[in-house]
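Residues per chain, in single letters:
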Amino acid sequence: MAENWDVIVVGAGPAGLMAADILSASGLSVLVAEAKPSVARKFLMAGKSGLNLTKDEPLEAFLPHYGSARSWLDPMLQAFGPVEAQAWATGLGRQVFSGSTGRVFPTEMKASPLLRAWLARLEAQGVRVSTRWRWTGWEGEGLLFQTPDGFQKKTARATILALGGASWARLGSDGVWAETLATANISLAPFKPANAGLSITWSGHIHRHLGTPLKGIALCAGHLTSRGEAVLSERGLEGGGIYSVSAAIRDGAALTIDLLPDLTVDQIVQRLQRSQGKTSFSNHMRKTLKLSPAALAVLQEFARPLPQDPFDLAVLLKSVTVLHEGLRPMDEAISTAGGVHATAFDSGLMLRDRAGVFCAGEMLDWEAPTGGYLLTACLATGRWAGVAALRYLSC
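Presented here is a report on the structure given in the accompanying data block.

Conventions we followed
Residues numbered from 1 in each chain as written. Predicted model: local features only at pLDDT ≥ 70, side-chain atom pairs only at ≥ 80, totals over all residues. Heavy atoms only, no water. Patch = residues over 30% accessible without salt bridge, like charges linked within 9 Å, V, L, I, M, F, W, Y side chains within 5 Å. Areas by Shrake-Rupley, 256 points an atom, 1.4 Å probe, with all protein chains shown as cover. Salt bridge = Lys/Arg side-chain N within 4 Å of Asp/Glu carboxyl O. Lys, Arg positive; Asp, Glu negative; His and termini not counted. Charge placed at Lys NZ, Arg CZ, Asp CG, Glu CD. Helix = DSSP H or I, 4+ residues; strand = E, 2+ residues; numbered from the N terminus. Buried < 20%, exposed > 50% of the residue type's maximum accessible area, 1.4 Å probe, protein only. Core = buried A, V, L, I, M, F, W, Y, C linked by side-chain atoms within 4.5 Å. Contact = heavy atoms within 4.5 Å. Phe/Tyr/Trp six-rings, centres within 6.5 Å; stacked < 30°, edge-to-face > 60°. Pairing = 2+ DSSP bridges.

Overview of a positive patch on the surface
Line of reasoning, step 1. Where like charges cluster on the molecular surface, the positive patch consists of R274, R286, K287 and K290.
Line of reasoning, step 2. Within the element layout of this structure, R286 appears in helix α10 (residues 281-289).
Line of reasoning, step 3. The partly exposed category is assigned to R286, whose relative accessible area is 34%.

Quick word on the nonpolar core
Line of reasoning, step 1. Ranked by size, the top nonpolar core spans 80 residues in total, and within it W88, W135, L161, V340 and W366 carry the most contacts.
Line of reasoning, step 2. Tallying contributions element by element places helix α13 (residues 373-394) first for this core, with eleven residues.
Line of reasoning, step 3. Not counting the four nearest positions on each side in its chain, W366 is found in contact with Y66, A69, W72, L73, T336, A337, G361, Y373, L374, A377 and C378.
Line of reasoning, step 4. I242, L260, A295 and V322 belong to the second-largest nonpolar core, a separate cluster that totals 45 residues.

Here's the deal with the packing of aromatic side chains
Line of reasoning, step 1. A full pass over the atoms with the stated rule returns twelve aromatic pairs.
Line of reasoning, step 2. Ring centres of F62 and Y66 lie 5.8 Å apart, and the angle between their planes is 50°; this geometry places the pair in the tilted category.
Line of reasoning, step 3. F62 sits in the buried class, given a relative accessible area of 0%.
Line of reasoning, step 4. On the numbers, 5.6 Å between centres and 90° between planes, the contact of W177 with F191 is edge-to-face.

Description of the sheet that holds strand β18 (residues 255-258)
Line of reasoning, step 1. An order of β15-β14-β18-β19 is seen for the four strands of this open sheet, with the pairing classed as antiparallel. The sheet is open, and its two borders are formed by β15 (224-226) and β19 (320-321), each paired with just one other strand.
Line of reasoning, step 2. Pairing geometry for β18 and β19, over two bridges, is antiparallel. Note on β19: the bridge partner recorded for I257 is V320.

Looking at unusual backbone geometry
Line of reasoning, step 1. At the junction of R304 and P305, the peptide bond is cis and its omega measures out at -5° in the coordinates.
Line of reasoning, step 2. Residue position: P305 is located in the loop between α11 (293-303) and α12 (310-317).
Line of reasoning, step 3. A positive phi angle, close to 70°, is found at L349, a residue other than glycine.
Line of reasoning, step 4. For L349, the location among the structural elements is in the loop between β20 (335-340) and β21 (357-359).
Line of reasoning, step 5. Classification of L349 as buried rests on a relative accessible area of 0%.

Observations concerning the pairing of β20
Line of reasoning, step 1. β20 sits mainly inside the fold: six of its six residues count as buried.
Line of reasoning, step 2. Of the pairings in the sheet, the one linking strand β11 (residues 188-194) to β20 comprises five bridges and is antiparallel in character. Looking at the pairing, K192 lines up with A337 of β20.

What follows is the structure, encoded as structure tokens:
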């Protein structure tokens with residue numbers, strides 16, 4: 001294997017592997033350097049809950065989930081969106097299916113078969129993967145790596161940085177690279193937790209409901225809304241519903257829960273006015289409104305004493321304010337906002353102040369909710385950087 005590499009890819013997550021795939025398929029020699037003992041650890045962790053590859057929905061519904069980053073992500077996701085993500089997986093010999101909510105998963109509901117097929121293709125295309133190689137910065141035009149054999153300096157005609165965000169450090173996304181780029185005067189946005197749970201110190205009466213999901217609810221924080229679930233955990237509230245609105249909570253918006261989103265205030269009032277008889281107030285609410293024990297417990301947690309007037313109670317049920325201590329720590333977040341600022345790279349994701357160096361994946365400053373949006377954008381930016389690097393090397 002030649003040691004004069006066309007491209008060095010730093011980081012063996014989905015974005016880095018996608019860039020390596022594009023470049024090696026074009027006949028270029030590619031070295032992938034990964035700091036951890038094995039590749040794609042966060043990808044494999046995602047597979048433990050089924051590996052949500054993408055969301056099977058039209059682009060006009062898919063793209064708005066990227067918020068302010070959509071202005072520069074748009075062309076990348078137009079080129080590699082939900083359709084292409086599914087085709088990529090099936091091209092590796094893995095079948096996929098769409099769930100009832102449109103989320104797309106491999107039929108095995110695991111990441112490992114897909115990753116094995118991908119790594120086999122990369123190996124067949126001549127890609128070398130070196131693990132336990134931690135990038136520590138540049139020395140002249142060369143890249144320095146701390147390896148089991150000591151420091152190594154490697155040069156290449158182009159470099160793809162796919163270093164991840166700053167959550168789940170044990171899986172490789174530790175954000176340590178930010179100091180290196182900052183020293184090189186590359187513009188960075190500070191890291192912030194995204195898709196994070198909520199810290200709540202529960203009172204004792206909630207404890208018997210821990211582990212129970214709140215279903216059939218709607219959550220609202222600022223301009224963000226969600227019909228996803230929220231699970232009562234020892235640490236607070238977790239789950240897709242909370243993750244979808246966590247960006248607004250992080251930025252200071254209050255969180256409210258609509259416990260009966262499919263009923264209007266008037267409809268709730270009508271049900272509450274039915275004869276209670278000898279039934280207790282809590283049982284009356286449970287029977288007439290079909291509220292789960294967990295939902296009733298949350299209502300009591302945040303809104304005692306409850307109003308007795310049916311109208312006032314109906315209004316409360318439609319907007320329960322959640323008292324909390326903020327988001328869980330960043331290292332517990334599924335993803336992060338922040339990273340390499342959009343002003344630091346060109347339309348091909350090449351750093352403006354470092355010719356031939358491209359960035360991809362979660363190290364870029366963007367965020368999106370769970371539900372397939374995160375992985376699709378990582379793959380899309382990896383592909384885009386790979387294509388741009390190929391074009392750069394062809395000039």
